[in-house]
Amino acid sequence: MDMREDEFINNEGSDVAETTEERRMSDVIVGRNPVAEVLRSGREIDKLFVAHGAANGSVKALIGKCRDKGIPVKEVSPQKLDFMSGGAVHQGVAVVVAAHKYCSLDDILQYAAERHEPPFIIICDGLEDPHNLGAVIRTAEACGVHGVVIPERRSASLNAVVAKASAGALEYMRVARVTNINAALNKLKENGVWLYAADMDGECWCTTDMTGGCGLVIGSEGRGVSRLVKENCDKTVSLPMSGHINSLNASVAAGVLMYEIARQRGNIKAKN
């Protein structure tokens, strides 16, 4: 079977160096029949992994089912699958089961409406480190965020590493996985949400009014907020950098900004 570029995510991708801890913690199901059964069961699945050269016959059918369900598919080396499966016979295919069920963007907006609060939503534009995503979810839950949005592709997903890094917060946080971040941003705008991109060369974080419906966009660890996403935002907000380095860890920057938004929403006055 001919593999087009868009049929897989980055082929090896950012998690090619997955640690032993991550492999042990992830709920990995291997083998063609077990994978077919878990797909049939309707259980939440993070991703399908297929070994190079194995996408034929029954594996081709599994790929088709995953596409129909919107489940990301990634082509990896047989050695990577050997590592993930811990020595079990994988027959060229494996799935990682999500540690938490995803919701829809509508679910997040509905939750905010039920609480009679303007939406407070975090949008992660390509966070690939599961520890960072887990840390963002942990802080988001503490700050009263209604939900987190992540893209289907080129992003950490809700695996067991994210669950552990969130320190339990994932159990209480609504997370929507969307196929197109910009389409999600447009929908948020239609629902009265103002969008703020966290990036350099923006307005000062503590002088920007973020009291209404608020969507905070956090960019990827290496690239930051993508150009199209930034153009789709209403404002860019920045943190002052007084040292020799010019950036912060994504989850640290997100935490500072989330607490500023929470302060403003709670009408907590800063001491002059």
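Residues numbered from 1 in each chain as written. Predicted model: local features only at pLDDT ≥ 70, side-chain atom pairs only at ≥ 80, totals over all residues. Heavy atoms only, no water.

A look at the packing of helix α2 (residues 32-41) against helix α3 (residues 57-69)
Across the interface, α2 lies against α3 with an axial gap of 11 Å and an inter-helix angle of 25 degrees. The pairing of α2 with α3 is recorded here as roughly parallel in orientation. In this structure, α2 crosses over α3, and the sense of that crossing is left-handed. On α3, the residues touching Arg32, Val35, Ala36, Leu39 and Arg40 of α2 are Ser58, Val59, Leu62, Lys65, Cys66 and Lys69. When the residues that make up the contact of α2 with α3 are grouped by side-chain class, the tally is six nonpolar, one polar and four charged. (Axes fitted to C-alpha atoms, helices over the stretch in contact; angles between N-to-C directions. Helix = DSSP H or I, 4+ residues; strand = E, 2+ residues; numbered from the N terminus. Parallel < 35°, antiparallel > 145°, perpendicular 65-115°, else oblique. Left-handed = near helix turned anticlockwise from the far one by under 90°. Contact = heavy atoms within 4.5 Å. Nonpolar A, V, L, I, M, F, W, Y, C, P; charged D, E, K, R; others polar.)

Concerning α2
Turning to α2, its buried residues number three or more, namely Val35, Ala36, Val38 and Leu39. Seen from one end, α2 has its buried residues packed into an arc of 165 degrees, which puts them on one side. Residues of α2 that are exposed and point over 90 degrees away from its buried face: Asn33, Arg40 and Ser41. Count one or two residues on from α2 and you reach Gly42, which has phi positive near 85 degrees. (Buried < 20%, exposed > 50% of the residue type's maximum accessible area, 1.4 Å probe, protein only. Arc of directions from axis to C-beta.)

Some points on a nonpolar patch on the surface
A grouping of Met241, Ile245, Leu248, Val252 and Val256 is seen on the molecular surface, where their side chains present a nonpolar patch of about 400 Å² in accessible area. Counting through the fold element by element, Ile245 comes out in the loop between β10 (235-238) and α10 (250-265). We classify Ile245 as exposed; its relative accessible area is 58%. (Patch = residues over 30% accessible without salt bridge, like charges linked within 9 Å, V, L, I, M, F, W, Y side chains within 5 Å. Areas by Shrake-Rupley, 256 points an atom, 1.4 Å probe, with all protein chains shown as cover. Salt bridge = Lys/Arg side-chain N within 4 Å of Asp/Glu carboxyl O.)

A look at the packing of aromatic side chains
With the rule as written, the count across this model stands at zero aromatic pairs. When the ring centre of Tyr111 is taken as origin, the NZ or CZ atom of Arg174, which lies over that ring, is 3.6 Å away. (Phe/Tyr/Trp six-rings, centres within 6.5 Å; stacked < 30°, edge-to-face > 60°. Lys NZ or Arg CZ within 6 Å of the ring centre and 35° of its normal.)

Some remarks on the sheet that holds strand β7 (residues 175-178)
Strand order in this open sheet of six strands is β7-β6-β5-β9-β8-β10, and the pairing throughout is parallel. In this open sheet, the two strands that pair with only one neighbour each are β7 and β10. For this sheet, the mean inter-axis angle between neighbouring strands, taken without regard to orientation, is 35 degrees. Of the strands in this sheet, β5 (120-125), β6 (147-151) and β7 are in contact with helix α5 (residues 105-114), which crosses β6 at around 165 degrees. Those strands touched by α10 are β5, β8 (194-204), β9 (214-219) and β10, and its axis lies near 170 degrees from that of β9. (Pairing = 2+ DSSP bridges.)

Side note on the side chain of Ser166
Assignment of secondary structure puts Ser166 in the loop between α7 (160-165) and β7. Polar contacts involving the side chain of Ser166 include one to the main-chain amide nitrogen of Leu170, which spans 3.1 Å. Excluding residues that lie within four positions of it along the chain, Ser166 makes contacts with Gly134, Ile137 and Arg138. (Polar contact = N/O pair within 3.5 Å; in protein donor to acceptor, adjacent residues only side chain to side chain.)

A closer look at the environment of Ile137
Among the secondary structure elements, Ile137 is positioned in helix α6 (residues 130-142). Here Ile137 falls in the buried class, since its relative accessible area comes to 0%. Excluding its chain neighbours within four sequence positions, the residues that come into contact with Ile137 are Val148, Leu158, Val162, Ser166, Ala169, Leu170, Met173 and Val175.

A word on α5
All of the buried residues in α5 are Leu105, Ile108, Leu109 and Ala112. Each buried residue of α5 sits inside an arc of 95 degrees when the element is viewed along its axis, so together they form one side. Elements in contact with the buried residues of α5: β5, β6, β7 and α8 (181-190). Positive phi appears at His116, one or two residues downstream of α5, with a value of about 55 degrees.

A look at the pairing of β7
Side chains Val175 and Arg177 project from β7 onto one buried face, and the interleaved Ala176 and Val178 project onto a second face that is buried too. Strand direction decides the pairing type here: β6 and β7, joined by four bridges, are parallel. Directly across from Val148, in β7, lies its bridge partner Val175. Viewed along the sheet, the connection from β6 through α7 into β7 turns out right-handed. (Right-handed = clockwise from strand over helix to strand, strands pointing away.)

Treat this as a map of the structure, not an account of what it does.
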